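Now for the letters of each chain:
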Amino acid sequence: MINDEPRIIELPKILDDRGNLSFFENSKQIPFDIKRTYWIYDVPGGEIRGEHAFKTSTEFIIALSGSFDVILSDGENEMKFSLNRSYYGIYVPNLYWRRIENYSTNSLSLIVSSIPYDEQDYIRDFNSFKRIRNETKAKYGL
Ligand code: TYD
């Protein structure tokens, strides 16, 4: 959905003296059907992950542990979302250029995606991303 915006989504938080609990269910707390889950861990200091865009995949990213920054670009403007709690995450629509950086030691990022892994869905060149985004917007009259 080319007219969708990135946004922070707060998840349910069940507070308990024995330890807190949060969750999300397929299509309920996040606006798509989950087809895949992956996680990024043991990131050495200063490394950057996920520098690319997706043609169709939408994602939801949570810092299950520690902290990191998700930097998104629509081709013109950059937005920075700092994730550091396990009860909210960032919804990333398709056709946003993204990178994940500033990982704290031992941080753990959980990412759910709307499609199975497909290398053909990746756009790994920023100029190609801008072209595809503009073409897609034009196609839908946006
Ligand atoms: P990639 O998404 O390219 O990571 P980054 O953008 O941070 O470099 O994934 C790295 C490799 O991991 C990729 O070449 C293929 C593999 N991979 C899978 O097999 N399944 C997956 O769901 C993901 C996300 C990656």
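In the block above lies the structure referred to throughout.
So, here is what we can say about the structure in this document. (Residues numbered from 1 in each chain as written. Predicted model: local features only at pLDDT ≥ 70, side-chain atom pairs only at ≥ 80, totals over all residues. Heavy atoms only, no water.)

**Digging into the overall build of the protein**
Now for step 1: Summing up its helical and strand segments, the protein has 1 helix and 12 strands in all.
Now for step 2: Reading the protein from its N end, one meets helices and strands in the order β-β-β-β-β-β-β-β-β-β-β-β-α.
Now for step 3: Computed over its C-alpha atoms, the radius of gyration of the protein comes to 15 Å, within 12% of the 14 Å expected for a compact globule of 142 residues.
Now for step 4: Taken over the C-alpha atoms alone, the protein extends approximately 55 × 35 × 25 Å along its principal axes.
Now for step 5: A total of 142 residues make up the protein; the buried ones form 43% of that total.
Now for step 6: Taking all contacts inside the protein whose residues are at least 6 apart in sequence as the whole, residues at least 24 apart take part in 76%.
Now for step 7: About 8200 Å² of surface is accessible on the protein, with carbon and sulfur atoms providing 46% of the total.
Now for step 8: Taking the 18 positively charged and 21 negatively charged side chains of the protein as two groups, their mean positions are separated by 2 Å. (Helix = DSSP H or I, 4+ residues; strand = E, 2+ residues; numbered from the N terminus. Rg over C-alpha atoms; globule rule 2.2 N^0.38 Å. Buried < 20%, exposed > 50% of the residue type's maximum accessible area, 1.4 Å probe, protein only. Contact = heavy atoms within 4.5 Å. Areas by Shrake-Rupley, 256 points an atom, 1.4 Å probe, with all protein chains shown as cover. Lys, Arg positive; Asp, Glu negative; His and termini not counted. Charge placed at Lys NZ, Arg CZ, Asp CG, Glu CD.)

**Re the environment of L11**
Now for step 1: Looking at where L11 falls in the secondary structure, it is placed in the loop between β1 (7-10) and β2 (13-14).
Now for step 2: On the accessibility criterion, L11 (7% relative accessible area) is buried.
Now for step 3: Between the alpha carbons of L11 and L95 there is a distance of 24 Å; along the sequence they are 84 residues apart.
Now for step 4: Sequence-distant contacts of L11, that is, excluding residues within four places in its chain, are made with F23, F24, Q29, F60, I62, S86, Y87 and Y88.

**Some points on the site of the ligand**
Now for step 1: Lining the immediate environment of the ligand, one finds R36, Y38, R49, G50, E51, H52, Y117, Y122 and R124.
Now for step 2: In the model, an oxygen atom of the ligand is placed 2.7 Å from a nitrogen or oxygen of the R49 side chain.
Now for step 3: Secondary structure elements with two or more residues in the shell around the ligand: β4 (36-40) and β5 (49-54).
Now for step 4: Ranked by residue count, the leading element in the shell around the ligand is β5, at 4 residues. (Near = heavy atom within 4 Å. Polar contact = N/O pair within 3.5 Å; in protein donor to acceptor, adjacent residues only side chain to side chain.)

**Comments concerning the side chain of R133**
Now for step 1: Examined against the element boundaries, R133 turns out to sit in helix α1 (residues 126-139).
Now for step 2: For the buried R133, no salt bridge is present, and the opposite-charge side chain at shortest range is D74, 4.9 Å distant.
Now for step 3: One polar contact links the side chain of R133 to the main-chain carbonyl oxygen of L95, over a distance of 2.6 Å. (Salt bridge = Lys/Arg side-chain N within 4 Å of Asp/Glu carboxyl O.)

**Overview of the sheet that holds strand β12 (residues 122-123)**
Now for step 1: Spatial ordering of the open sheet is given by β8-β7-β10-β5-β12, a layout of 5 strands whose pairing is antiparallel. The sheet is open, and its two borders are formed by β8 (78-83) and β12, each paired with just one other strand.
Now for step 2: As paired strands, strand β7 (residues 68-73) and strand β10 (residues 97-101) are joined by 5 bridges and run antiparallel to one another. Bridging from a neighbouring strand, V70 pairs with I100 of β10. (Pairing = 2+ DSSP bridges.)

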